There are 2 protein chains.
Amino acid sequence: MNKLYAVGIGPGDYEKMTLEAEKVLSSCDVIVGYTVYVDLVREHFPGKEFLTTPMRREEERCRMAFEEAAKGKTTAMICSGDAGVYGMAGLLLEMGKDYPDCQVEVIPGVTAALSGAAVLGAPLIHDFAVISLSDLLTPWELIKKRLACAAEGDFSICIYNPSSRKRSDYLRQACDVLLAYRSPDTVCGLVRNIGREGQSFRILTLRELRDAQTDMFTTVFVGNSATRETAGRMVTPRGYHLEKQEGR
Amino acid sequence: MNKLYAVGIGPGDYEKMTLEAEKVLSSCDVIVGYTVYVDLVREHFPGKEFLTTPMRREEERCRMAFEEAAKGKTTAMICSGDAGVYGMAGLLLEMGKDYPDCQVEVIPGVTAALSGAAVLGAPLIHDFAVISLSDLLTPWELIKKRLACAAEGDFSICIYNPSSRKRSDYLRQACDVLLAYRSPDTVCGLVRNIGREGQSFRILTLRELRDAQTDMFTTVFVGNSATRETAGRMVTPRGYHLEKQEGR
């Protein structure tokens, strides 16, 4: 059985990869991925064969990986963050039907919701929802419905892909949906370039978030009704009865 | 400034820890944690000082960690999964007010939603919600409301703490809430002992999940309306227009 691994390499900083991911990449003959991600790991794995495709050529990239694996080469498809969160693990498993001799194995990694949360403090300590604002594969009406449902359920929310050149006002529209259910003073956070050079963060209110500048390297966090700014960090309590907890 | 790290060690298997977590633990003088988690890492860090408290003594455990750090010892509080998801990062940041000379830093890790998803296939590839059924700190009515909101928004859902001895019928009640919005044929998954000895998984329908046996070592996944079982794995597509994607 030929092995094809879907490997999450974390946010970018090499050290945020798991020991398992490093071990799998070390054992592979071929590493396939989007050019930017391959460049993040290339220097650490000298002597490997690297294959890259530009952004958005996901199916082509997966097929390339299967074809290498079918030649008997142990192959890894790398993804930023976790391969199973807006990553390639799903497409590889779906396309696996066409390659019955290849076994796809998913190696989890630290997705931006987790690495970004760690930068801000602890915004996702309790129940949370993760929503992408990219409408490339999902109708914008469904994205807005999910924002409304997450707001109504008082989830902490992590927003991926808050904007792009073509979607410059999507975060503003998303905030307008949230503001129908949640206080404009809801504590929010922005993290840019998580685990990479130039990492920065900002804590702000939902009202301020509506007018904030973001880009494709920004991850957005919206607190639940109990989230607070504490000593410059964004912190969600573990529940709604802290007295009870502390008295235990 | 004394350093206190909140370190997520992943699901249990040592290799699912990040390189950063390993480096931080190697650099520490003292490692504090719930007994079971400390036992998972102890052999890898000989010569460290280890301090443990039993389950549910979280505040005592945090205070112990701060007191070690205040002595000038570099200290790590370890959590299973990610320290920022139902972990100790939040409580440490809140209690930090009482220890102005200690700086709390959060080191992210692979939470059970991600490691369990990788075992099942790719159930969380698109928008998802994470909900704990533990009502120790959250009113059961709010938990049910969140389940309803997540179901209405067609999120994939990862359920932590599906049952315990005292809450043996909570998963059944949760499924009844979901079944008001979602088809009984919704593809679901169970993973037991993620990243530990005896790891196992099962793919089943929401109707079957309602009557499934779970325990405190089980993590539950409920697919969205597009989730499918593909070659024995649970896979959620990345969106709702796969034709468009494949034609790109």
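Here the structure is a predicted model, which means the values were calculated and not measured.

**A look at the pairing of strand 2 (residues 30-34) of chain A**
The two faces of a sheet get side chains in turn, since along a regular strand they alternate between them.
Residues and elements named next belong to chain A.
Inference 1: Among the 5 residues that make up strand 2, 5 are buried, leaving the element largely enclosed by the rest of the structure.
Inference 2: Bridge analysis of strand 2 against strand 3 (residues 49-53) gives 5 bridges, and the strand direction is parallel. Across the sheet, tyrosine 34 pairs through a bridge with threonine 53, a residue of strand 3.
Inference 3: Read as a crossover between parallel neighbours, the route from strand 2 over helix 2 (residues 35-41) to strand 3 is right-handed.
Inference 4: As defined by bridge partners, strand 2 adjoins strand 4 (residues 75-79) across 3 bridges and the pair is classed as parallel. Within the sheet, the bridge partner assigned to isoleucine 31 lies in strand 4 and is alanine 76.

**Digging into the pattern of salt bridges**
Inference 1: Taken as a whole and assessed by the stated rule, the structure comprises 42 salt bridges over all chains.
Inference 2: Here A:Arg207 ties to A:Asp185 by a salt bridge, and the two come within 3.4 Å at their closest N and O atoms. Linking A:Arg207 in helix 8 (residues 206-209) with A:Asp185 in the loop between helix 7 (170-179) and strand 9 (187-192), this pair joins segments that are 22 residues apart in sequence.
Inference 3: B:Asp98 is the salt-bridge partner of B:Arg63, the closest N and O atoms lying 3.9 Å from each other. In this pair, B:Arg63 sits in helix 3 (residues 58-70) while B:Asp98 sits in the loop between helix 4 (89-95) and strand 5 (102-107), placing the two residues 35 residues apart along the sequence.

**Observations concerning the relation of the copies chain B and chain A**
Inference 1: Taken as rigid bodies, chain B and chain A are interconverted by a rotation of 180° and an axial shift of 0.0 Å, the fit giving an RMSD of 0.0 Å. On the angle and the small slide along the axis, the relation comes out as a two-fold axis.

**Details of a nonpolar patch on the surface**
Residue and element names in this part refer to chain A.
Inference 1: Nonpolar side chains collect at one region of the surface, where Met55, Met216 and Phe217 lie side by side and expose about 300 Å² of accessible area between them.
Inference 2: On the secondary structure map, phenylalanine 217 appears in the loop between helix 8 and strand 11 (218-222).
Inference 3: Note on phenylalanine 217: relative accessible area 43%, which makes it partly exposed.

**Observations regarding the nonpolar core**
Inference 1: In this structure, A:Leu209 and B:Leu209 are the most contacted members of the largest nonpolar core, which totals 54 residues.
Inference 2: Core analysis: the second largest hydrophobic core is formed by 40 residues, A:Cys28, A:Phe45, A:Phe50 and B:Leu19 among them.

**Structural notes on the packing of helix 6 (residues 140-152) of chain B against helix 7 (residues 170-179) of chain B**
Helices that pack against each other are described as a pair by the angle of their axes relative to one another and the distance between those axes.
Residues and elements named next belong to chain B.
Inference 1: At a minimum axis distance of 8 Å, the contact between helix 6 and helix 7 shows a crossing angle of 40°. Viewed along their axes, helix 6 and helix 7 adopt a mutual orientation that is oblique. Between helix 6 and helix 7 lies a crossing of right-handed hand. Here Trp140, Lys144, Leu147, Ala148 and Ala151 of helix 6 come into contact with helix 7, specifically with Tyr170, Gln173, Ala174, Val177 and Leu178.
Inference 2: Each residue belonging to the contact of helix 6 with helix 7 can be placed in one class, and the counts come to 8 nonpolar, 1 polar and 1 charged.

**Here's the deal with the side chain of A:His126**
Inference 1: One can find A:His126 in the loop between strand 6 (121-122) and strand 7 (128-132).
Inference 2: A distance of 2.8 Å separates a polar side-chain atom of A:His126 from the backbone oxygen of A:Arg238.
Inference 3: When neighbours within four sequence positions are excluded, A:His126 is seen to be in contact with A:Thr236, A:Pro237, A:Arg238, A:Gly239, A:Tyr240, B:Tyr86, B:Thr138 and B:Arg146.

**Notes on the interface of chain B and chain A**
Inference 1: Residue-level contacts link 73 residues of chain B with 73 residues of chain A.
Inference 2: Carbon and sulfur atoms supply 59% of the area buried between chain B and chain A, which totals about 6600 Å² over both sides.
Inference 3: On the chain B side of the interface with chain A, the three residues burying the most area are B:Leu19, B:Leu137 and B:Arg146, jointly 12% of the side's total.
Inference 4: Summed over the shared surface of chain B and chain A, the result is 10 salt bridges.
Inference 5: Our count for the contact surface shared by chain B and chain A stands at 32 residue pairs in polar contact (both at pLDDT 80 or more).
Inference 6: Here the side of chain B that touches chain A takes 6 residues from helix 6 of chain B, the largest share from any one element.
Inference 7: Of the pairings in the sheet, the one linking strand 7 of chain A to strand 7 (residues 128-132) of chain B comprises 3 bridges and is antiparallel in character. Bridge assignment links A:Ala129 to a residue of strand 7 of chain B, and that residue is B:Ala129.

**Regarding the confidence of the model for chain A**
Reading fine detail from the predicted coordinates is not recommended where pLDDT is low.
Residues and elements named next belong to chain A.
Inference 1: Mean pLDDT over chain A stands at 93; residues scoring 70 or higher make up 97%.
Inference 2: Counted against residues more than four places away or in other chains, residues 242-248, with its pLDDT under 50, gives 12 contacts.
Inference 3: Among the prediction metrics, the complex's ipTM stands at 0.95, with pTM recorded as 0.95.

**Looking at the sheet that holds strand 1 (residues 2-8) of chain A**
Residue and element names in this part refer to chain A.
Inference 1: One open sheet holds the 5 strands; their spatial order is 3-2-4-1-5, and the pairing between them is parallel. With partners counted over all chains shown, the strands left at the sheet margins are strand 3 and strand 5 (102-107), one partner each. On average, each strand axis in the sheet is tilted by 20° relative to the strand beside it, whichever way the strands run.
Inference 2: Sheet contacts for helix 1 (residues 19-27): strand 1, strand 2, strand 4 and strand 5; angle to strand 1, the most-contacted strand, approximately 140°.

Rules used in this analysis
- Residues numbered from 1 in each chain as written.
- Chains lettered and ligands numbered in written order.
- Predicted model: local features only at pLDDT ≥ 70, side-chain atom pairs only at ≥ 80, totals over all residues.
- Heavy atoms only, no water.
- Buried < 20%, exposed > 50% of the residue type's maximum accessible area, 1.4 Å probe, protein only.
- Helix = DSSP H or I, 4+ residues; strand = E, 2+ residues; numbered from the N terminus.
- Pairing = 2+ DSSP bridges.
- Right-handed = clockwise from strand over helix to strand, strands pointing away.
- Salt bridge = Lys/Arg side-chain N within 4 Å of Asp/Glu carboxyl O.
- Least-squares fit on C-alpha atoms with pLDDT ≥ 70 in both.
- Patch = residues over 30% accessible without salt bridge, like charges linked within 9 Å, V, L, I, M, F, W, Y side chains within 5 Å.
- Areas by Shrake-Rupley, 256 points an atom, 1.4 Å probe, with all protein chains shown as cover.
- Core = buried A, V, L, I, M, F, W, Y, C linked by side-chain atoms within 4.5 Å.
- Axes fitted to C-alpha atoms, helices over the stretch in contact; angles between N-to-C directions.
- Parallel < 35°, antiparallel > 145°, perpendicular 65-115°, else oblique.
- Left-handed = near helix turned anticlockwise from the far one by under 90°.
- Contact = heavy atoms within 4.5 Å.
- Nonpolar A, V, L, I, M, F, W, Y, C, P; charged D, E, K, R; others polar.
- Polar contact = N/O pair within 3.5 Å; in protein donor to acceptor, adjacent residues only side chain to side chain.
- Buried area = accessible area lost by both parts, 1.4 Å probe.
- pLDDT = per-residue confidence, 0-100.

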